[in-house]
Amino acid sequence: MMEEALRATVRRFVEQELRPHVNDWEEAGTFPRALYQQAGALGLLALGFPEADGGIPASYRQLQVLNEELCRTACGGLLASLFSHRIGTPPIVHGGSAELRARVLPGIFSGATISALAVTEPGGGSDVASLAATAERDGDHYIVNGSKTFITSGMRADWITLAVRTGGQGSGAAGVSVLLVPGDTPGLTPTPLKKMGWWCSDTAELHFDHCRVPAANLLGAENAGFTLLMRNFNDERLMLAMHACYLAQACLDEALQWAQQRKTFGKALVQHQAVRHKLVGMATRIEATRAFIDSVVARMDAGGQDVAQVCMLKNFAAQTMQACAGEAVQILGGMGFMRGTVAERAYRDAKVYMIGGGAEEILNDLAARQLGWS
């Protein structure tokens, strides 16, 4: 799909099917499951995945266009859940058997089924190598026990890409495997979580109590799942960076419109030097972040992975979003504190971009190691 045709398709979808309903979905804490099939019918869920698996190959630049247009919703929670397959599905693509891929992926790409990734644990955070959920081989099944938390699409996922320990206690990264778990597996109990932001995103804690999972659902080799997951994280962090930057743009757009219309002391807010300087400061941060994204995207489209650059970009973009959301609330004044404005929603959502996909401190340390500084 060419960039401009893609942009036009996504923009129509956003303007007709998403933006008019975002505030209602946020207040309801959910959105219709039918949206997955609408996005699937447009090819948006298949974008960026191999054609052999029913996907639509795409460059990182095309994925950048997709995310820029989706962020016109100014609702990160909607995007996180509607596109949760972007983190749940890559391990299936890269590690699943041909039979498993043929059975699972068409439904995910069409929106008929929902995919989620379950790595984070109540006691583990970003430390994937120390995860405690276990999977013990029992004939042609694994027996899974443990818990996962902060799982996007965890309540209604049909397929859960699950990180487990198969190598025994103390095995670290060398003992991690990945299993594809059906969402209706007996012994699996999801519990909804209430959050500061991303209200309409389905987020859950998952408890696994002697869940029997077919051994054929192993993704990649046993005890080799850590590499599979790390491969996944680079793309996740790049997408989070894009969202943060383009949601910051939504904050600037709303703040500028408000400043042009709102009058104080006989003139529009934008005619006050202090307000103009805030707006220019926001625009400067966004332009710098856009340039950083463009640079990383170009290198990744040329075949690079740039782990350190992606870590730094994700942190930089999250800081841009937090700063711009704060300034937008300040410019809107009392209205910025009211639910239903972009500024208020972005202010609530901003912090998750500094935590999700690896906390800021974790990513700074990972970047330093990648650069050979530790």
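Refer to the preceding data block for the structure.
Conventions adopted
Residues numbered from 1 in each chain as written. Predicted model: local features only at pLDDT ≥ 70, side-chain atom pairs only at ≥ 80, totals over all residues. Heavy atoms only, no water. Salt bridge = Lys/Arg side-chain N within 4 Å of Asp/Glu carboxyl O. Helix = DSSP H or I, 4+ residues; strand = E, 2+ residues; numbered from the N terminus. Buried < 20%, exposed > 50% of the residue type's maximum accessible area, 1.4 Å probe, protein only. Patch = residues over 30% accessible without salt bridge, like charges linked within 9 Å, V, L, I, M, F, W, Y side chains within 5 Å. Areas by Shrake-Rupley, 256 points an atom, 1.4 Å probe, with all protein chains shown as cover.

(A) How the structure looks around the pattern of salt bridges. For the structure shown, the criterion picks out 19 salt bridges. Residue arginine 348 pairs with glutamate 26 through a salt bridge whose shortest N-O separation is 3.4 Å. Of the two residues, arginine 348 is situated in helix H12 (residues 342-353) and glutamate 26 in helix H2 (residues 22-28); the sequence distance between them amounts to 322 residues. Each member of the pair, arginine 348 as well as glutamate 26, is classed as buried. A salt bridge links glutamate 344 to arginine 348; the shortest N-O distance between them is 2.7 Å. Of the two residues, glutamate 344 and arginine 348 are both situated in helix H12; the distance of four residues between them amounts to about one turn of the helix. Each member of the pair, glutamate 344 as well as arginine 348, is classed as buried.

(B) The arrangement of a nonpolar patch on the surface in detail. On the surface, a nonpolar cluster with roughly 330 Å² of combined accessible area is contributed by Met335, Phe337 and Met338. On the secondary structure map, methionine 335 appears in the loop between helix H11 (307-332) and H12. By relative accessible area, which is 36% here, methionine 335 ends up partly exposed.

Any functional reading would require information beyond the geometric quantities listed.
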